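# Structural overview for review
If you want the building blocks of each chain, they are given just below.
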Amino acid sequence: MSIKSEPITINLGPQHPSTHGVFRMRVTFDGETIIDVEPIFGYLHRGSEKLAEERTYTQVVTLTDRMDYVSSMLNNQGYILAVEKLTNIQPEPRGVWLRMIASELQRIASHLVAIGFLIQDLGAWGTPLTYSMREREKILQMFEMLCGARITNSYMRPGGVFMDAPQQFWDSLSSFIDEFPAAVDELERLLTSNEIIFSRTKGVAILTPEQAINASITGPILRSTGVPWDLRKNDPYDYYEKVDFDIPVHDAGDNYSRYLLRVQEMRESLKIVKQCVDFIEPGPVRPHHDQVPFLIRPPKGDCYVAIEGSKGELGFYLVSDGSISPYRWHVRSSSLINLTLLREMLVGTLFGDLFVTFGGIDINMGEVDR
Amino acid sequence: MFEFIYNILDFLFDLVIKDIKFESYILTGLTGIIIAFAVINGVLGGVLALIWGERRLLGRFQQRTGPNRWGPQGILTSTADAVKVMFKEDIVPEEADRYIFNVAPLLLVIPVFIIFSVIPFGISLYAVDINVSALFILAITSISGLSIICAAWASANRIAIFSALRSVAMLISYEIPVGLSLVGILLICESMSVMDIVIYQKIPFILIQPVAAIVFFLGSLAEINRTPFDLTEAESELAAGYQNDYSGMKWGLFYLGEFAAAIAAATVFSTLFLGGPNGPVLPGIFWLTIKVVGVLFFIIWIRASWPRFRIDQVLNLAWKGLFELTLVNIIVTSISVIIWTDADSNRLIFIGLANWIFAFPFVLLIFKMLKTSNYKNENKKSISYPIGSDNPKFIKEKI
Amino acid sequence: MNEWNGKILADEINTHIPNSVVSSDKDSVNVEKEKIYEVLKFLKDTSGFSFDLLSSVTAVDYIDHFEVVYHLKSLITLSKATIKTKLGFGREDQPEIDSVYSLWKGADFQEREIFDLMGIYFTNHPNLKRILLWDGFPGHPLRKDFVTNSQSIIPSEDLS
């Protein structure tokens, strides 16, 4: 028996509780089944790339904070690495270690947000979210000790970081390192073996490695398809060669493996932080002003530096014309590019899978629209 | 209760106005109004308390304080909210079908209050005792589906239509297991009157009819749209579902209706399965309140810790899980009812034992069958992409 | 991960696709605009290069011409390379270049973004329309001749 049905088109967003910001999807349904998805961007476009052309190299750091506002330290790090490569600045070791500690903590915070909101999109009434936000809060408080800001840090400078960490920071960092594994265990007890989460996320929005790589999808989504591709290992920057960590990989390529992978990556990040604390030695955190002036004038040329952001390959393309501000600044935003296959992932699934997949991709509208 | 209040009124009127003889229908009407007033206001007070309790409890579950500003422990928060809702602007969308749009909230609220008319709050403390009240409850609860589809249709909103369609699909699917789960009880009690069922419950029926209790609880969760079956107003998918275009007191009525429905479901469950007002020492109404609060706590606990199912899984659970369980329950119960016919107190124990031994294993079996199959090997990390398998050409040339 | 020396890569490309390389330096290869699709297809499909990941596509406005920059990565050979191409000399209104969408789907949003912000038309792109700005936005803001103060507040109806 066949029932005559007509497709129905719904605009989800830009004002919607679970689009993670101002994102809009024009979704066509046949009953509950999705038959077409068209993502529409640009509601948070602030023209960061144009703004950067009128700012000095140091001032652009503040623009990077506001791109992916849940992982601003990582954005700082990527941009600073690009400036350092363009200008040939030798960073101070203590500054680099602090940079790595900050960005790994930020990766944990970002993954916590991703997991929390993924489960929120699944319909859990905020409990996993508050659990993960409690841990994120500790990290944000540590950032406040580092640089006085919680979200928009602007902590890093060419050649190192803005200021040395106070003693208070090391105290709370050591207690965080002690407590965090237990907190992740608690979160996993609540979520990992939960039948509802399992049945909702398993086998939904499956990607194959070939598809993912062809669509330039990177980060946890690529690793969840079974490709151990992590720029921290494959193209090491800063001192990632000196620390020992694993790349968690899953081969299912569905939403559940994306969730599980993020949990495992948090543990790996904590391992890196632990080693950084062991390696760090007293010293200056950034070069003296004689070597790196306030107004940096890189030589003419261009460079592309990519780091492993919390959401994938975060690339910065800088073109210098020898003046005090970038001639062109382009951000390869992983959030935007990871959405390339959104349509392919969603067509054929049900309405309930839509926002779960969306949460599993883990985008940030600040970075999608810039 | 009716005769009690009637007699009091009669006595009072005789006392005050001696000369005029009142017609009995006036007294009947007055008695009815008093009872309705008491029940409705009791439920309304319960709703306010439930909203406060739910928010405080969710706060506890989520490691935050919850509302604590108005009154001690924030107990007046829901009162303040109710006052605020009353004075909010009432917006009707331009394309809405105004008549149906206005009627829909009432359609949701009124049936919920009607349910309480047949609930015994104590032994012989009830508004009406109709001899098919168990059937009456089942019939009345179905009206809420009509309300939701009216609201969605009238507000001319596509998301609301989605919500209404989900609601109807769920309601139809869960009516059947919920209705069938009561058959066992009716067979044992040989009566459809809730009062009779309460009187018969020397042992709470949750111990005699475990399968029916599970099915009825899950089914009533689905019918009142609570987590994990809150697909009708799935916040992360449909925003507010059928309530999207409602505002002011009309929205307040929906809110009221939902929470009153939660109380109604908890009350019906505790009446049918937990012994209702039966209990030692304390009067029946206290026992009923304690049981209802316990069930509501359980419902809130579930809401705080579980995500929601997808629509196909919800319907699967109803048709592939609960429906079969009710059939098993009916078969086991009817056989045991035939075997133990004499009405001594051991009869319930024998029937209960038969149910635990022959029917309950099916719960575990069916839930195991419905469970999503696990990953074959969690630690398997096969690398399916030939990463680093080839060398770049220029390195080859150098060698 | 190794970075290809632009000069070596340029020789390789030139032997397989004659007259395709304009110039090359240590970091990058500058390719003829007409041959860009051919060159990238060669780099993607030939073993020994196997650039399967299109890391980033972007464009730069050098006032007298535009430059489209492709950052390629290879997971198979663990190497990366930069390919550039110059186009749009003399400020022509519609600088055009072949889309690489059929090679890498990852080029989809990135090329749309370049079209939106830089005004470079990608032929053969299946869905080339503005991505971050709305339809009818005046001009392309990342071009150097875009006036930032006054232009952006013109209502979109006044445009055609």
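Residues numbered from 1 in each chain as written. Chains lettered and ligands numbered in written order. Predicted model: local features only at pLDDT ≥ 70, side-chain atom pairs only at ≥ 80, totals over all residues. Heavy atoms only, no water.

### Comments concerning the interface of chain B and chain A
Listed as interface residues are 40 residues of chain B and, on the opposing side, 52 residues of chain A. Across the chain B to chain A interface the summed buried area is about 4,100 Å²; carbon plus sulfur atoms make up 57%. The tally of links from chain B across to chain A stands at 2 salt bridges. Among the ionic pairs, Glu32(A) bridges to Arg166(B), the shortest N-O distance being 2.7 Å. The interface formed by chain B and chain A contains 10 residue pairs in polar contact (both at pLDDT 80 or more). Those elements that place two or more of their residues in the side of chain B that touches chain A are helix 2 (24-61), helix 7 (158-189), helix 11 (235-238), helix 13 (284-305) and helix 14 (311-339) of chain B. Of the residues belonging to the side of chain B that touches chain A, the class tally is 17 nonpolar, 10 polar and 13 charged. (Contact = heavy atoms within 4.5 Å. Buried area = accessible area lost by both parts, 1.4 Å probe. Salt bridge = Lys/Arg side-chain N within 4 Å of Asp/Glu carboxyl O. Polar contact = N/O pair within 3.5 Å; in protein donor to acceptor, adjacent residues only side chain to side chain. Helix = DSSP H or I, 4+ residues; strand = E, 2+ residues; numbered from the N terminus. Nonpolar A, V, L, I, M, F, W, Y, C, P; charged D, E, K, R; others polar.)

### Brief notes about the packing of helix 4 (residues 98-115) of chain B against helix 6 (residues 143-154) of chain B
All names here are of chain B. Orientation of helix 4 relative to helix 6, taken along the N-to-C sense of each, is 160 degrees, at an axis distance of 8 Å. Comparing their axes, helix 6 and helix 4 come out roughly antiparallel. Pair helix 4 / helix 6 crosses with left-handed handedness. Residues Ile100, Phe101, Ala104, Leu107, Leu108 and Pro111 of helix 4 form the contact with helix 6, whose participating residues are Ile143, Ser144, Leu146, Ser147, Cys150, Ala151 and Ala154. Residues belonging to the contact of helix 4 with helix 6 are distributed by class as follows: 11 nonpolar, 2 polar and no charged. (Axes fitted to C-alpha atoms, helices over the stretch in contact; angles between N-to-C directions. Parallel < 35°, antiparallel > 145°, perpendicular 65-115°, else oblique. Left-handed = near helix turned anticlockwise from the far one by under 90°.)

### With respect to the environment of Phe286(B)
Topologically, Phe286(B) is positioned in helix 13. For the pair formed by Phe286(B) and Asn157(B), sequence separation is 129 residues and the distance between their alpha carbons is 44 Å.

### A look at helix 2 (residues 36-45) of chain C
Regarding helix 2 of chain C, the residues found buried are Ile36(C), Val39(C), Leu40(C), Phe42(C) and Leu43(C). Taken end-on, helix 2 of chain C shows its buried residues confined to a sector of 155 degrees, consistent with a single buried face. (Buried < 20%, exposed > 50% of the residue type's maximum accessible area, 1.4 Å probe, protein only. Arc of directions from axis to C-beta.)

### Quick look at the pattern of salt bridges
Residue and element names in this part refer to chain A. Counted by the stated rule, this structure contains 46 salt bridges over all chains. Salt-bridge contacts for glutamate 137 lead to arginine 150; the nearest nitrogen and oxygen are separated by 3.1 Å. Taken as a pair, glutamate 137 in helix 5 (residues 127-147) and arginine 150 in the loop between helix 5 and strand 4 (156-157) lie far apart in primary sequence, 13 residues in all. Taking relative accessible area as the criterion, glutamate 137 reaches 31% and is therefore assigned partly exposed. Under the relative-accessibility criterion, arginine 150 is labelled partly exposed at 28%.

### Digging into the pairing of strand 4 (residues 53-61) of chain C
All names here are of chain C. The element strand 4 is extensively covered by neighbouring structure, given that 9 of its 9 residues are classed as buried. Inspection of the sheet shows strand 4 paired to strand 5 (residues 66-74) by 8 bridges, in the antiparallel sense. Across the sheet, the residue bridging to leucine 54 is leucine 72, located in strand 5. (Pairing = 2+ DSSP bridges.)

### Things to note about the packing of helix 5 (residues 133-141) of chain B against helix 7 of chain B
Residues and elements named next belong to chain B. At a minimum axis distance of 11 Å, the contact between helix 5 and helix 7 shows a crossing angle of 175 degrees. Viewed along their axes, helix 5 and helix 7 adopt a mutual orientation that is roughly antiparallel. Between helix 5 and helix 7, the contacting residues are Ala134, Leu138 and Thr141 on the first element and Glu175, Val178, Gly179, Leu182 and Leu186 on the second.

### Some points on the packing of aromatic side chains
Applying the stated criterion across every chain, the model contains 38 aromatic pairs over all chains. The interplanar angle of 85 degrees and the centroid separation of 5.0 Å between the aromatic rings of Trp134(C) and Phe137(C) together place this pair among those described as edge-to-face. With a relative accessible area of 9%, Phe137(C) lands in the buried category. Members of the aromatic cluster, connected to one another through ring pairs, are Phe61(B), Phe216(B), Phe217(B), Phe269(B), Phe273(B), Phe297(B), Phe298(B) and Trp301(B). Over the aromatic face of Tyr131(A) sits the side chain of Arg134(A), whose NZ or CZ is 5.2 Å from the ring centroid. Against the face of Tyr239(A) rests Lys242(A), its NZ or CZ located 4.1 Å from the ring centre. (Phe/Tyr/Trp six-rings, centres within 6.5 Å; stacked < 30°, edge-to-face > 60°. Lys NZ or Arg CZ within 6 Å of the ring centre and 35° of its normal.)

### Here we look at the sheet that holds strand 2 (residues 24-30) of chain A
On the basis of which strands lie adjacent, the open sheet formed by 3 strands has the order 1-2-3 (chain A) and antiparallel pairing. Single-partner strands in this sheet number two, and they are strand 1 (8-12) and strand 3 (33-40) of chain A. Adjacent strand axes in the sheet meet at a mean angle of 20 degrees when their direction is disregarded. Summarising the sheet, strand 1 of chain A and strand 2 of chain A pair through 5 bridges and their orientation is antiparallel. Bridge pairing links Ile8(A) to Phe29(A) in strand 2 of chain A. Lying on the sheet, helix 14 (residues 351-361) of chain A is in contact with strand 1, strand 2 and strand 3 of chain A; it crosses strand 2 of chain A at an angle near 150 degrees. Sheet strands in contact with helix 7 of chain B are strand 1 and strand 2 of chain A, and its direction is about 110 degrees off that of strand 1 of chain A.

### Overview of the sheet that holds strand 8 (residues 328-332) of chain A
All names here are of chain A. Across the sheet, which stays open at both edges, the 3 strands sit in the order 6-7-8 with antiparallel pairing between neighbours. In this open sheet, the two strands that pair with only one neighbour each are strand 6 (301-308) and strand 8. Here the average twist between neighbouring strands, direction ignored, is 10 degrees. Across the face of the sheet, helix 3 (residues 72-87) comes into contact with strand 6, strand 7 (313-320) and strand 8 while running at roughly 145 degrees to strand 6.

### A short note on the pairing of strand 8 of chain A
All names here are of chain A. Counting buried positions over the 5 residues of strand 8 gives 5, a clear majority of the element. Looking at chain direction, strand 7 and strand 8 are connected through 5 bridges and run antiparallel. From the neighbouring strand, leucine 318 faces strand 8, where its bridge partner is tryptophan 329.

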